[in-house]
Amino acid sequence: MAIKIAVIGTGYVGISTCVGLSDFGNIVVGFDIDDNKIKRLSSGDPVIYENGMEYYLKKNLETGRLSFTSDFKVALKDAEVVFLAVGTPEREDGSADLSQIKSALDAIAEIIDRPLVIVTKSTVPAGTNRWINDYMSSKVDENLFEVVSNPEFLREGKAIHDFFHPDRVVIGTKDGKENPIMRDIYRSLYLIETPFIWCNWETAELIKYASNAFLATKITFINQMANLAEEMGADIHKIAKAMGMDGRISSKFLHPGPGYGGSCFPKDTKALAKTGRKVGVVMSLIEEVISSNETQKERMIEKAKRLLENNISDKKVAVLGLAFKAETDDIRESPAITIVKGFLKEGVKISAHDPKAVENFKKLFPYVEYYDNAYDACKNANLVIICTEWNDYRNLDLDEISRNVKEKKILDLRNVLDPESAIKKGFVYEGVGRKGVN
Ligand code: NAD
C-alpha cells in the first residue's frame with residue numbers, strides 16, 4: 001500500500017525527498033512557504049540546478065504520485081507521515097537556527113487530528129528531536145504523533161544518485177527500535193540491500209554532525225598539508241595520492257583547495273562546536289578546523305594579491321567559478337564570495353563566469369560584470385582566478401585566454417590546469433600545494 005507523505009520545505013533536500021520518495025511508489029505532496037517555488041515545481045521546473053532532477057520531477061508529476069501545494073492544510077490532509085526538510089541556517093553565534101522547524105511544528109499542531117509520524121530530515125543538533133517531541137506534547141495529545149530522526153547525507157550535484165543509492169540510511173526513534181512505517185517508505189532501498197542504522201534520536205543526530213565534521217576535518221588537513229608542501233617544494237597531489245592508497249585513509253576528500261564552503265560544512269561544524277560547549281565538552285579539533293578554514297580562504301586572497309604584486313588599484317580580476325563546488329548552482333558560503341568581497345572592498349574590478357550559478361551570485365553582487373563565456377570574462381584581466389572545479393575549466397584554451405587577458409597570470413584554486421602547460425605558454429601560474437610560477 002502506498003504511504004501518503006507530506007514534505008515541508010522544497011529546497012535542495014526537500015525536492016530530492018519529494019521526487020525520491022514518490023519514485024519509490026509513495027504518494028507525496030510537497031509544501032513550501034515560497035509560492036513561486038511551488039508554482040514552478042508544479043509545472044515541472046525543479047528551480048535548482050541538479051543533474052537528473054527535472055527528469056524525475058516530471059516523471060513523478062505525470063504518474064500523479066507527486067504534487068505540490070502552497071496550502072498547508074492540503075499538504076497534511078491525507079498524510080500519514082510528514083518530513084521536515086526546512087532550512088536550519090546558522091545563527092550569528094554559530095548555533096543552528098531552528099525557527100523554520102518551530103514554525104512547521106506550530107502549523108502541524110494547529111491541524112493535526114489523527115496519528116502522524118513527524119520525520120526530521122533537516123540537519124538538527126543533538127537533542128532537537130527530543131525537544132520536538134516535548135514541544136509537540138505541550139501542544140497536542142501525545143498519542144497523535146511520533147517523532148523520527150532521518151538525517152540526509154546527499155551531496156549537491158549528485159542528489160538524485162545519492163537519494164537512490166545511499167551508503168546508508170540512518171533512522172533514529174525514541175527507543176532506538178525499528179519503525180515499520182519508515183521501513184515501508186524505504187522498501188525500495190531494502191530491496192537493494194542498503195544498510196539501515198536504527199538508533200535513538202541523539203545517535204542519529206550526532207551521526208550526521210560527526211560525518212560532516214569528519215569530512216571538513218579531512219579537507220582542512222589536506223589544505224594545511226598543501227600549504228606546507230608549497231613552502232617545502234613538494235607536490236600535494238602526489239602526497240594525497242600516496243596517502244589515499246592506504247586503505248585506512250582512503251583517497252576521498254584529500255583534494256586541496258581554497259577552503260570548504262557550501263550550505264552544510266560551515267554551519268554544521270559551527271553548530272557541533274556550539275553543542276559541545278553547551279554541554280561542557282569542548283570540541284577543540286572542530287573549533288580549530290573552523291578557524292583554519294577561514295585562514296585558508298584569506299590565504300587565497302593573499303596569494304592573489306601577491307600575484308598582482310600587491311598593487312591592486314585599477315586592476316581587473318576574472319573569477320571563473322562562483323558555485324561552492326562543481327555541478328551545483330548553490331553559492332552558499334562559496335569561497336568565491338570571500339574572494340569577490342575581498343577584492344571589491346579594495347576597488348578591484350571583477351568579471352565573472354559560472355556555468356550555472358550566475359543568477360544566484362547576482363543577487364549578492366549585482367555590480368560584478370557577468371559573462372556567458374569564460375573567455376569573455378577574461379578580457380583585459382590582470383589575473384584569472386579559478387574558484388570552482390567545473391569540468392568546463394579543465395580544458396580551457398590557454399591560447400584564447402592569452403589573447404584576451406592584459407596580464408598572463410592564473411591562480412588555480414582547484415588545481416584543474418596542468419601547471420607545466422600553463423607555464424610553457426608564458427603564464428605565471430600558481431595552484432594550491434604545488435609550486436607553479438614561471
Ligand atoms: P534550502 O534553504 O534549499 O530549503 C529550505 C526550504 O524550506 C526553502 O524552500 C524555504 O522556502 C522552505 N521553508 C522555510 N520555512 C518553511 C516553513 N515554515 N514551511 C515550509 N517551508 C519552509 O535548504 P536545503 O539545502 O534543502 O537544506 C534543508 C535541510 O537539510 C537543512 O537542515 C540542511 O542542513 C539539510 N541538508 C542539506 C543538504 C544539502 O546538500 N543542501 C544535505 C544534507 C542535509
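The shown structure was predicted, so the numbers you read here are calculated from the model rather than taken from an experiment.

Engineer: Any details on the site of the ligand? Residues and values, ideally.
Structural biologist: Taken together, 26 residues surround the ligand, and among them Gly9, Gly11, Val13, Ser122 and Thr123 come closest. The residue inventory of the shell around the ligand, partitioned by class, reads 10 nonpolar, 11 polar and five charged.

Engineer: Quick rundown of the sheet that holds strand 12 (residues 383-386)? Include the residues and the values.
Structural biologist: Across the sheet, six strands lie side by side as 11-10-9-12-13-14; this open sheet has parallel pairing. Looking at strand neighbours, the two that pair on one side only are strand 11 (369-370) and strand 14 (428-430), the edges of this open sheet. Each of strand 12, strand 13 (409-412) and strand 14 is contacted by helix 13 (residues 284-307), which is oriented at about 170° to strand 13, the strand it contacts most. Most of the contacts of helix 14 (residues 335-345) go to strand 9 (residues 316-320), to which it runs at about 170°, and overall it touches strand 9, strand 10 (349-353) and strand 12.

Engineer: Kindly report on the packing of helix 10 (residues 201-232) against helix 13, identifying the contributing residues and their values.
Structural biologist: At their nearest, the axes of helix 10 and helix 13 sit 9 Å apart, and the two run at 50° to each other. As the angle between them shows, helix 10 and helix 13 are arranged oblique. Classified by chirality, the crossing of helix 13 by helix 10 is left-handed. Counting all contacts with helix 10, which are made through Ala213, Ala216, Thr217, Thr220, Asn223, Gln224 and Asn227, the residues of helix 13 involved are Leu285, Ile286, Val289, Ser292, Asn293, Gln296 and Arg299. When grouped by side-chain class, the residues that make up the contact of helix 10 with helix 13 number five nonpolar, eight polar and one charged.

Engineer: Which residues make up the nonpolar core, and what values go with them?
Structural biologist: Soluble globular proteins: nonpolar side chains tend toward being buried together. Val82, Val319, Val384 and Ile385 are the most contacted members of the largest nonpolar core, which totals 123 residues. Counting residues per element, this core draws most heavily on helix 10, at nine residues. In contact with Val319, not counting residues within four places along its chain, are Ala336, Ile339, Val340, Ile350, Ala352, Ile385 and Cys387.

Reading the values: the criteria
- Residues numbered from 1 in each chain as written.
- Predicted model: local features only at pLDDT ≥ 70, side-chain atom pairs only at ≥ 80, totals over all residues.
- Near = placed C-beta within 6 Å.
- Nonpolar A, V, L, I, M, F, W, Y, C, P; charged D, E, K, R; others polar.
- Pairing = 2+ DSSP bridges.
- Helix = DSSP H or I, 4+ residues; strand = E, 2+ residues; numbered from the N terminus.
- Contact = placed C-beta atoms within 7 Å.
- Axes fitted to C-alpha atoms, helices over the stretch in contact; angles between N-to-C directions.
- Parallel < 35°, antiparallel > 145°, perpendicular 65-115°, else oblique.
- Left-handed = near helix turned anticlockwise from the far one by under 90°.
- Core = buried A, V, L, I, M, F, W, Y, C linked by C-beta atoms within 7 Å.
- Buried ≥ 20, exposed ≤ 12 C-beta atoms within 10 Å, placed from the backbone.

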